[in-house]
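# Overview (structure and organization)
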Amino acid sequence: MSTETEPLRVGVIGAGRVGAVLASVLESHPGFRVVAAAGESDASRARAAALLPGVPLAKPSVVARACDVLLLTVPDDMLANVATVLTDAGAIRPGQCVVHTSGRHGLAVLDRVTEAGARALAIHPAMTFTGTSVDLTRLDGCVFGVTAEATERELAERLVQAWGGRPMWIPEEKRTLYHASLAHGANHLVTLVAQAVELLSAAGAESSGLSAADTLRPLLTAALDNALHEGDAALTGPIVRGDVNTVRDHLAEIAANAPPTLPSYVAMARATLDRVVTDGRVLPIRAAAIRRVLDDALVPRGSTSPLT
């Protein structure tokens, strides 16, 4: 490691959307200096050139040997293998800090590097990335899901603070659940919004000169803000009101105009119904009628069994 008066030398393996941005922010911080990066694809190399100008590109083992803090920003399923290959090549040394940014994994995936005497950290930014300079300011105030041994918390906090974020301490055994919550909330939200845009476009929204996105943006922004502040109390719409016929009409139009969206509409409607029945806003008899309509929507014509 560098001395306390010298910046820590940083290397990044995986100059993708996350790695290049995180390294770029550290490069602008006086406590860190990015000395090398590794990226195999043309996109990664272009990203490194844009966000890490002047930082040499090298083989992963060369990057690992050159740094005090090694960022492993590779896909989840590659992480254990990368850690093993680097360790077996002698590129990991005692006292070196190895940080991965996977949301799913905790420290166990880095067992090989800790066996070599390195310090392991799992630090995941709860943020979506474009891999461009747009992301640099988005990290300000971002929460980072951190898993670390008690002896390594100070270094973890130093890194998170350099990124402008706030640490959320995640126990090793809760790491996958933590990541599932983010993926369900953010990744599936993108699918949901894309389907809503397609439905609104099919309804002729753009004939008025407004895009579907323009129409949805204020509605979705308000719904998201209300949900984050009020939880289930923010739910509105035909399910909450118990409007069976409205739900039936929705299903018929979606089946006719956007069949691939039908299963997700039904799944979300069922989940919404369960929540409002639990809190007493929809009576069980009305809920049963809505459930029958939802079940019938997934039964192919001429069949008595629902689609699976």
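Details of the structure are given in the entry above.
In what follows, the accompanying structure is described.

About the criteria used
- Residues numbered from 1 in each chain as written.
- Predicted model: local features only at pLDDT ≥ 70, side-chain atom pairs only at ≥ 80, totals over all residues.
- Heavy atoms only, no water.
- Axes fitted to C-alpha atoms, helices over the stretch in contact; angles between N-to-C directions.
- Helix = DSSP H or I, 4+ residues; strand = E, 2+ residues; numbered from the N terminus.
- Parallel < 35°, antiparallel > 145°, perpendicular 65-115°, else oblique.
- Contact = heavy atoms within 4.5 Å.
- Nonpolar A, V, L, I, M, F, W, Y, C, P; charged D, E, K, R; others polar.
- Expected span 1.5 Å × (residues − 1).
- Buried < 20%, exposed > 50% of the residue type's maximum accessible area, 1.4 Å probe, protein only.
- Arc of directions from axis to C-beta.
- Phe/Tyr/Trp six-rings, centres within 6.5 Å; stacked < 30°, edge-to-face > 60°.
- Lys NZ or Arg CZ within 6 Å of the ring centre and 35° of its normal.
- Core = buried A, V, L, I, M, F, W, Y, C linked by side-chain atoms within 4.5 Å.

### Here we look at the packing of helix H11 (residues 244–257) against helix H12 (residues 262–278)
Between H11 and H12, whose axes approach to 9 Å, the crossing angle comes to 155°. With respect to each other, H11 and H12 are oriented roughly antiparallel. On the side of H11, the interface is formed by His250, Leu251, Ile254 and Ala255, while H12 contributes Leu262, Tyr265 and Val266. Here the residues of the contact of H11 with H12 are counted per class, giving six nonpolar, one polar and no charged.

### Regarding H11
Counted at 1.5 Å a residue, the expected span for H11 with its 14 residues is 20 Å, and the 20 Å between its end C-alpha atoms agrees. Buried within H11 are the following residues: Val244, Val247, Leu251 and Ile254. All buried residues of H11 fall inside an arc of 95° around its axis, so they share one side. The exposed residues of H11 that point more than 90 degrees off its buried face are Asn245, Glu253 and Ala256.

### Observations regarding the packing of aromatic side chains
Considering all chains together, one arrives at one aromatic pair under this definition. Relative to Trp163, the ring of Phe144 has its centre 5.4 Å away and its plane inclined at 10°; by these criteria the two rings are stacked. One end of the pair, Phe144, is in strand S6 (residues 143–147); the other, Trp163, is in the loop between helix H7 (153–162) and strand S7 (166–169), and 19 residues separate them in sequence. Comparing Phe144 with Trp163 shows no difference in burial state: the two are buried. For the cation-ring pair, Arg153 lies above Trp169, with the distance from its terminal atom to the ring centre recorded as 4.1 Å.

### Describing the nonpolar core
The biggest cluster of nonpolar side chains holds 33 residues, and the ones touching the most others in it are Leu71, Leu121, Ile123, Phe144, Leu159 and Trp163. Elements represented by at least two residues in this core include exactly strand S1 (8–13), helix H1 (17–27), strand S2 (32–38), strand S3 (69–72), strand S4 (97–100), strand S5 (119–125), S6 and H7. For this core, the leading source of residues is H1, giving six residues. If you look at the next biggest cluster of nonpolar residues, it comprises 24 residues, including Val63, Cys67, Leu72 and Ala118.

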